[in-house]
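# A structural walkthrough
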Amino acid sequence: MVIQISKQNIMSLTKQLLEANNASREKIPAEALAIMDKATGDLLQQSLSKSVISNGSELPIGELTNTKGEKVNISSFIGTKPLVISFYRGGWCPYCNIELKALQNSLSNFKELGAELIAITPETPDNSLTTKEKNELEFEVLSDINNIYAKSLGLVFEMPEDLIALYHQFGLHVDKHNENKSYELPMPATFVIDVHGKIILSFVKEDYTKRLDPNDIIASLQELKSIKA
C-alpha cells in the first residue's frame, strides 16, 4: 500500500514549528534569548547527536512506566510490527506539544502501514497523562523515570545553571515535572524500528525547535513495507 502525502501535509509540522519559534523569539527578552541560544549552541558544539545510537543498530531494551503507573518493557513492542518512538522533553514544551499533535494526526497512516507509535518523556506518569489528555493522544505515552532508558540511547544532557535559573523565572520547574533534581533532558528524537528491533531511521537534533516531519516517518514505513512485500 502506498499512501500519498500532499505537500501541504509534508510542510505542516515544519511550518508550525517555525511559526512558533518566530513568535516566541518576538516575545522573549533579548537577555533571555541569549541564554537559551547559548544553551542550544553549546549542545551543537558538543555534537551530542553523533554519539546517539544510529541506523542499523539494535534498539536497546529497557523498562518504562505507562500513564497508569504500570511497568512496561520496550521489548513488548518488538517482534510483531514496526515501531515508531518519539522522545520529547515534556508537556511544558510548546514544540513537543506541536510535534505530538502532528504525530496524532498521522497516526492512522502509521497504523495503515502496520506500525505502532509510542512517545517517551522523562516526566512522571501523572504529567504524561495530563499531556496525553490535553493533546487527545490515542497512542501510548510512557515515562522514562530519571532518563534511564534515554541514556542507553545517548540522548541525555544536563541543563546549564543559567538556563535552569531562567526557566525558574518563567515559572517552569523541570525538577517538579520529573520529580528529581538532576535537571537532565533528552534531546528530541524519533526512531523507526523494524519488526526485528533494528533501527531503520534515526532523527536526533540538539536544537529542540527541530522535529521530524511525519511524512518522513511514513516514507520510511512505506519503504519497509515494500521490502517485506
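Preceding this paragraph is the structure being described.
Read on for a plain summary of the structure. (Residues numbered from 1 in each chain as written. Predicted model: local features only at pLDDT ≥ 70, side-chain atom pairs only at ≥ 80, totals over all residues. Heavy atoms only, no water.)

### Looking at the overall build of the chain
As a reminder, the rule being used: Numbered from the N terminus, helices here are DSSP runs of H or I no shorter than four residues, and strands are runs of E no shorter than two. Both definitions apply: the radius of gyration is a C-alpha atom measure, and the globule rule equals 2.2 Å times residues to the power 0.38. Classification of residues uses two cut-offs on accessible area relative to the type maximum, computed with a 1.4 Å probe and protein chains only: under 20% is buried, over 50% is exposed, and between them is partly exposed. Counted as positive: Lys and Arg. Counted as negative: Asp and Glu, with His and the chain ends omitted from the count. In plain terms, the charge of a residue is placed at NZ if it is Lys, CZ if Arg, CG if Asp and CD if Glu.
Looking only at helices and strands, one finds nine helices and nine strands in the chain. Taken against the 2.2 N^0.38 rule, which gives 17 Å for 229 residues, the C-alpha radius of gyration of the chain at 17 Å falls within 12% of a compact globule. Its C-alpha atoms put the chain at 55 × 40 × 35 Å along the principal axes. Evaluated residue by residue, the chain yields a buried proportion of 50% over its 229 residues. Of the charged side chains in the chain, 23 are positive and 30 negative; the average position of the first set lies 4 Å away from that of the second.

### Structural notes on the pairing of strand S9 (residues 199-204)
The test is simple: When DSSP finds two or more bridges between a pair of strands, those strands are recorded as paired.
Sheet topology places strand S8 (residues 189-193) next to S9; five bridges connect them, and they run antiparallel. When the bridges of S9 are listed, Ile193 appears paired with Ile199. Connecting S8 to the antiparallel partner S9 that follows it, the hairpin turn spans five residues, and Gly197 within it adopts a positive phi of roughly 90°.

### Thoughts on helix H2 (residues 30-46)
Let me state the cut-off plainly: Each residue after the first adds 1.5 Å to the expected span of a helix. For this quantity, the arc is that covered by the directions from the helix axis to the C-beta atoms.
Its 17 residues place the ends of H2 24 Å apart at the C-alpha level, agreeing with the 24 Å of an ideal helix rising 1.5 Å per residue. Of all the positions in H2, only Ala32, Leu33, Met36, Ala39, Thr40 and Leu43 are classed as buried. Looking straight down H2, one finds its buried side chains confined to an arc of 130°; they lie on one side. Exposed and facing more than 90 degrees away from the buried side of H2 are Ala30, Glu31, Gln45 and Gln46.

### Considerations on the pairing of S8
Residues in a regular strand project their side chains so that they alternate between the two faces of the sheet. Along S8, five of the five residues are buried, which leaves the element largely enclosed by surrounding structure. Here S8 shows two buried faces, one formed by Ala189, Phe191 and Ile193 and the other by Thr190 and Val192. Pairing of strand S3 (residues 83-87) with S8 involves five bridges; the strand directions are antiparallel. Across the sheet, residue Ile85 finds its bridge partner in S8, namely Phe191.

Honestly, it's all geometry; don't read function into it.
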